[in-house]
Amino acid sequence: MTLRLFKHRCSWLMRATLMACAFIAITVSVLVIATRYWLLPDIERFHEKITVTIASAIGNPVTIGKIEGEWRGLQPSIKLTDLRILDAQKQAALVLPSISTRVSWKTLLTGELRLASIEIDGAELLIQRDVNGKIFVAGIPVSTHGSDSQLTNWLLRQPHLSASNALVVWVDDQREASALVLQQVNVRIENSLSQHRISLRALPPEELATPLDIRGEFIGSDVAKLSEWQGQVFTHIDYTDVSAWKSWLNLPREFSHGRGALRGWVGVQGGKLASITADLDLHDVTTILGDDVPEMVLLDLRGRAAWKTVEGGLEISTKNLAMRMQDGVELSPTDFYFRTSQSVQSENAAQTASNELRANMLQFETLVSLANFLPLDATLRSQLDRYGPRGRV
């Protein structure tokens, strides 16, 4: 009797499961048919409603020239022509001649609009910082707090975004600098959960640099919590004049002047700069490596140099680095390592300094000269001055 009842219940459960699957399949089929043959071909009739929805989502007035829909592969596709986002003065802050999107079926699972791809061609974008330091992208204020971050976080949940042949204009009212124009901008962003990959190629003004090549990989899920983000940025420039960027960028004091070619990696940890590694072929370089050391002026600098923060201090290393200083001191290609840190044993104890210095070839006179520009503790510096080592090892 118990076995018969069990079989009856299993049979009923199987029939219910099959009926539920059939219902879902029929519903999805009807939805697909309605979308493909009724909604998409006649999507222009919803022009005003779509325009109002987009404007409400981003908080700025929007105009759209034309809306088209079609079925591409297994996904519905929507194309917007001549989309313009207006600023507070009703001027176009972002012009998108063509934007194509494919709606992802994940929309049904998440209850949130998900796009399989967003592809933009020929965009014209205005980025502006006002006198109070507030940044606006296409007239939209950028913030990492509250609802202002919702749009950015939504974009980070879309798997593929790309923009080709774009024009980007940066206007900095706080610095009172002339507009910086980047042409032929191509951007590609790939998002997978909390992992994000970005590549950017752009053509800056000739007096600043040759074409820029920037790539990055980051881990993070919420722009309101940048302190939790980490990642690395790679850049390659065949020629640039670092000081020429001062009108628009806050250059690090460690490297404020120089011209030539560079390839570099920048590490980010906890939302802050954590490391820099660079392959250099530069001339007329100006750098300062600490608070209590003088500025170093180099006529030529070639090789690899790296800098990173460590607990209580910093670490500097080089590989095949050669330099010629303004005072005539020259360093042959050298592998060099320097680390300095400070630690406190207890609350009442003084800080204990730790320094480490290594090199594959020691030119003592050159190293003593370079020591004047390194943030050494007073004891080590006085020992170098007292013994004045000479010669080569």
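Everything below is about the structure printed above this text.
What counts and what doesn't
- Sequence order as written defines residue numbering, which begins from 1 separately in each chain.
- Owing to the predicted nature of the model, reporting of local features is limited to residues with pLDDT of at least 70; listing and counting of side-chain atom pairs is limited to 80 or more, with chain, interface and lining totals taken over all residues.
- Remark: hydrogens and water are excluded; side-chain values derive from all non-hydrogen atoms of the structure.
- Runs of E in the DSSP output that reach at least two residues are strands. Runs of H or I that reach at least four are helices, and both are numbered from the N terminus.
- Burial classes: relative accessible area under 20% of the type maximum marks a residue as buried, over 50% as exposed, and values in between as partly exposed (1.4 Å probe, protein chains only).
- Contacts are assigned to residue pairs with any non-hydrogen atoms lying within 4.5 Å of each other.
- Paired rings are identified among Phe, Tyr and Trp, the last through its six-membered ring, by centres lying within 6.5 Å, and are further divided according to the angle between planes into stacked (under 30 degrees), edge-to-face (over 60) and tilted (the rest).
- Definition used for salt bridges: Asp or Glu carboxyl oxygen within 4 Å of a side-chain nitrogen of Lys or Arg.

A. Focus on the environment of Trp 154. Residue placement: Trp 154 occurs in helix H4 (residues 150-156). A relative accessible area of 18% means that Trp 154 is categorised as buried. Sequence separation between Trp 154 and Arg 114 is 40 residues, and the spatial gap between their C-alpha atoms is 8.7 Å. When neighbours within four sequence positions are excluded, Trp 154 is seen to be in contact with Glu 112, Leu 113 and Leu 115.

B. Region of interest: the packing of aromatic side chains. Applying the stated criterion across every chain yields a total of 1 aromatic pair. On the basis of an interplanar angle of 50° and a centroid distance of 5.4 Å, the ring pair of Phe 234 and Trp 265 is categorised as tilted. Placement of Phe 234 in strand S12 (residues 230-241) and of Trp 265 in strand S13 (residues 257-269) is noted, with a sequence separation of 31 residues between them.

C. The arrangement of the pattern of salt bridges in detail. For the structure shown, the criterion picks out 15 salt bridges. Asp 82 is paired through a salt bridge with Arg 84; the nearest N and O atoms lie 2.9 Å apart. Look at Arg 84 and you get partly exposed, because its relative accessible area is 31%. Arg 215 is paired through a salt bridge with Asp 213; the nearest N and O atoms lie 2.8 Å apart. The class for Arg 215 is partly exposed, based on a relative accessible area of 40%. A relative accessible area of 8% places Asp 213 in the buried class. Counted as one network, the salt bridges with shared partners bring together Arg 129, Asp 172 and Arg 175.

D. The arrangement of the side chain of Arg 114 in detail. Inspection of the secondary structure assignment puts Arg 114 in the loop between helix H3 (106-110) and strand S4 (115-121). Residue classification places Arg 114 among the buried residues on the basis of a relative accessible area of 17%. With sequence-adjacent residues up to four places away left out, Arg 114 is seen in contact with Val 103, Ser 104, Lys 106, Thr 107, Arg 157 and Gln 158.

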